[in-house]
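This is what each chain is made of:
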Amino acid sequence: MLPKEVTPRAIVEYLDQYVVGQDEAKRTLAVAVYAHYRKLSALERGEAIAKSNVLLIGSSGTGKTLMCETLSRCLAVPFVTADATSLAQTRYVNEEIEAILQRLVDKADGDARRAARGIVFIDEIDKLKASSGQANATSGESVQHALLKIMEGAPVKLGAERYIDTTNILFICGGAFVGLEKIMSRTHSFGFIATSETDNQTILDRLNNRVKPTDLFEFGLIPEFTGRLPVIARFSDLSKSMLVRIMSVPKNAIYHQFREVLRAEGVELVVAPLVFEQIAEIAIEYKTGGRSLRGIFEELMTPILYVVPDHPQIGRVEVASLFEAPRYFKRSASDPAAAERAAEKKD
Ligand SMILES: Nc1ncnc2c1ncn2[C@@H]1O[C@H](COP(=O)(O)OP(=O)(O)O)[C@@H](O)[C@H]1O
Ligand SMILES: [Mg+2]
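Note that the coordinates shown come from a computational prediction; the quantities given were computed from them, not determined experimentally. (Residues numbered from 1 in each chain as written. Chains lettered and ligands numbered in written order. Predicted model: local features only at pLDDT ≥ 70, side-chain atom pairs only at ≥ 80, totals over all residues. Heavy atoms only, no water.)

Considerations on the overall build of the chain
Part 1: Counting secondary structure elements, the chain contains 16 helices and ten strands.
Part 2: Relative to its full complement of 347 residues, the chain shows a buried share of 42%.
Part 3: Long-range pairs, those at least 24 residues apart, make up 71% of the contacts in the chain between residues at least 6 apart in sequence.
Part 4: Summing over all exposed atoms, the chain offers an accessible surface of approximately 18200 Å²; the carbon and sulfur share of this is 53%. (Helix = DSSP H or I, 4+ residues; strand = E, 2+ residues; numbered from the N terminus. Buried < 20%, exposed > 50% of the residue type's maximum accessible area, 1.4 Å probe, protein only. Contact = heavy atoms within 4.5 Å. Areas by Shrake-Rupley, 256 points an atom, 1.4 Å probe, with all protein chains shown as cover.)

Section: helix 2 (residues 23-44)
Residues three or four positions apart in an α-helix share a direction because the helix packs 3.6 residues into each turn.
Part 1: Taking 1.5 Å per residue as the helical rise, helix 2 with its 22 residues ought to reach 32 Å, and the 32 Å between its terminal C-alpha atoms agrees with that figure.
Part 2: Within the sequence span of helix 2, burial applies to Ala25, Lys26, Leu29, Ala30, Ala32, Val33, His36, Tyr37, Leu40 and Ala42.
Part 3: Contact partners of the buried residues in helix 2: helix 1 (8-16), strand 1 (54-57), helix 3 (64-74), strand 3 (119-123), strand 6 (170-175) and strand 7 (231-234).
Part 4: Once helix 2 ends, the next one or two residues include glycine 46, with phi positive near 90°. (Expected span 1.5 Å × (residues − 1).)

What about the packing of helix 12 (residues 240-248) against helix 14 (residues 273-286)?
Part 1: The N-to-C vectors of helix 12 and helix 14 enclose an angle of 120°; their axes lie 9 Å apart at closest approach. For the element pair helix 12 / helix 14, the angle class is oblique. Considering only the axes of helix 12 and helix 14, their crossing is right-handed. Along the contact surface, helix 12 presents Lys240, Leu243, Val244, Met247 and Ser248, while helix 14 presents Phe276, Glu277, Ile279, Ala280, Glu281, Ala283 and Ile284. (Axes fitted to C-alpha atoms, helices over the stretch in contact; angles between N-to-C directions. Parallel < 35°, antiparallel > 145°, perpendicular 65-115°, else oblique. Left-handed = near helix turned anticlockwise from the far one by under 90°.)

Re the packing of aromatic side chains
Part 1: Evaluation of the coordinates by the stated rule reveals six aromatic pairs.
Part 2: Taking the centre distance of 4.9 Å and the plane angle of 55° together, the rings of phenylalanine 177 and phenylalanine 219 count as tilted. Taken together, the residues span a long stretch of sequence, with phenylalanine 177 in the loop between strand 6 and helix 8 (180-187) and phenylalanine 219 in helix 10 (residues 213-219) at a distance of 42 residues. Comparing phenylalanine 177 with phenylalanine 219, the two get one shared label, buried.
Part 3: Ring plane angle 45° and centroid distance 5.7 Å describe the contact between phenylalanine 258 and phenylalanine 297, whose orientation is recorded as tilted. (Phe/Tyr/Trp six-rings, centres within 6.5 Å; stacked < 30°, edge-to-face > 60°.)

Considering the pairing of strand 6
Part 1: With six of six residues buried, strand 6 lies mostly within the body of the structure.
Part 2: A two-sided burial pattern is seen for strand 6, the buried positions comprising Leu170, Ile172 and Gly174 on one face and Phe171, Cys173 and Gly175 on the other.
Part 3: Summarising the sheet, strand 1 and strand 6 pair through four bridges and their orientation is parallel. When the bridges of strand 6 are listed, isoleucine 57 appears paired with glycine 175.
Part 4: As paired elements, strand 3 and strand 6 share four bridges and run parallel to each other. Residue pairing across strands places phenylalanine 121 opposite isoleucine 172, the latter belonging to strand 6. (Pairing = 2+ DSSP bridges.)

A word on the pattern of salt bridges
Side chains that carry opposite charge are capable of pairing whenever their charged atoms lie near each other.
Part 1: Applying the stated criterion to the full structure yields eleven salt bridges.
Part 2: Arginine 316 is paired through a salt bridge with glutamate 268; the nearest N and O atoms lie 2.8 Å apart. On the criterion of sequence distance, the pair formed by arginine 316 in strand 9 (residues 314-319) and glutamate 268 in strand 8 (residues 268-271) is long-range, its members being 48 residues apart.
Part 3: Arginine 316 sits in the partly exposed class, given a relative accessible area of 28%.
Part 4: Counted as one network, the salt bridges with shared partners bring together Lys240, Glu277 and Glu281. (Salt bridge = Lys/Arg side-chain N within 4 Å of Asp/Glu carboxyl O.)

Re the coordination of the magnesium ion (ligand 2)
Part 1: For the magnesium ion (ligand 2), the protein coordination sphere consists of Thr65 (OG1) and Asp123 (OD), at 2.1 to 2.7 Å. Of this pair, threonine 65 sits in helix 3 while aspartate 123 sits in strand 3, placing them 58 residues apart in sequence.
Part 2: By relative accessible area, threonine 65 is classed as partly exposed at 26%. (Donors = N, O, S within 2.8 Å, 3.2 Å for Na, K, Ca; no water.)

Regarding the nonpolar core
Part 1: Core analysis: the largest hydrophobic core is formed by 43 residues, its most contacted members being Ile125, Leu147, Ile164, Phe177 and Phe225.
Part 2: Core analysis: the next-biggest nonpolar cluster, separate from the first, contains 29 residues, Val244, Val275, Leu293 and Phe297 among them. (Core = buried A, V, L, I, M, F, W, Y, C linked by side-chain atoms within 4.5 Å.)

Section: unusual backbone geometry
Part 1: Look at glutamate 124: it is not a glycine, yet its phi comes out positive at around 60°.
Part 2: You can see glutamate 124 is positioned in the loop between strand 3 and helix 7 (140-152).
Part 3: Under the relative-accessibility criterion, glutamate 124 is labelled partly exposed at 26%.
Part 4: One non-glycine residue, lysine 287, lies in the positive phi region at around 55°.
Part 5: For lysine 287, the position within the fold is in the loop between helix 14 and helix 15 (293-307).
Part 6: A relative accessible area of 71% means that lysine 287 is categorised as exposed.

In structure tokens:
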């Protein structure tokens, strides 16, 4: 089910190719997934297991969804993503949950047994705060109860006479939990062991950073629900240097994508490091994590992509600053691509 070579370290190395930073969250998630599949093997040998579902906490746009999607690509297990907000907006929560599990079975090519060992990622779980319920919708609290049932493990009917047992499905929940910091600063008081030594300070920071179940109750998750999410991984807010790296380092980084697009036109694109810093600064102002980077970068590229196709003599484009026009350079006459493209454009 999980090949021997898929160790936590191998999972982290795979995640590193696409997700910038968030090292602790990567490790926590990798170990949780690994432990889950080792436990399933134990189960096959007839040993008892206790499942450890995972809760990912971090501001919007810090890579929670990206990390889960990347994780699903590196594991050969069925994996589906669902959104808790849509669960809270329907009157038919159970039908919606069945639909999620049905998608998991579809991902397993109809094999319900394989699906029963898959992973379900439920995003925006913090939107299920136990509070005012809207008319026509299900209150967050009752959605929590419905989810709790499948997280504890239950046979769920799919269609006419098919069932899926959810006991061994790994659930990963994610959310921004806006306001949790405030709750934590009120309830965490490990300050008394502080000394000037950095080591102790690190331990102290870790203790103070640990989210306690009581913090989650106070936020609005019911105790039974938090009890089902024993593993908690926190995502840090993205720093300027992380934002810069997101645009230029990962395999599928936006800079590589546009360099590729222009290379197909025979044009070399060079964006100066300063530009990435300027974009990162704007993104920090927007407070949407890594989410606004693509939009800003694409805006920068629009005039370039508008000009280049009509000018086959352009061989190179340089962007020195976000606030300066891009500079276009002629292709050298000896460049064979020049003649070729000039000929193409005549047709
Ligand atoms: N740590 C990161 N590494 C690489 N890209 C990131 C990271 N965080 C955010 N991004 C970028 O921002 C986008 C939104 O991130 P997402 O994972 O949807 O955030 P979240 O689920 O935490 O709200 C991603 O598609 C990606 O382009
Ligand atoms: Mg998300």
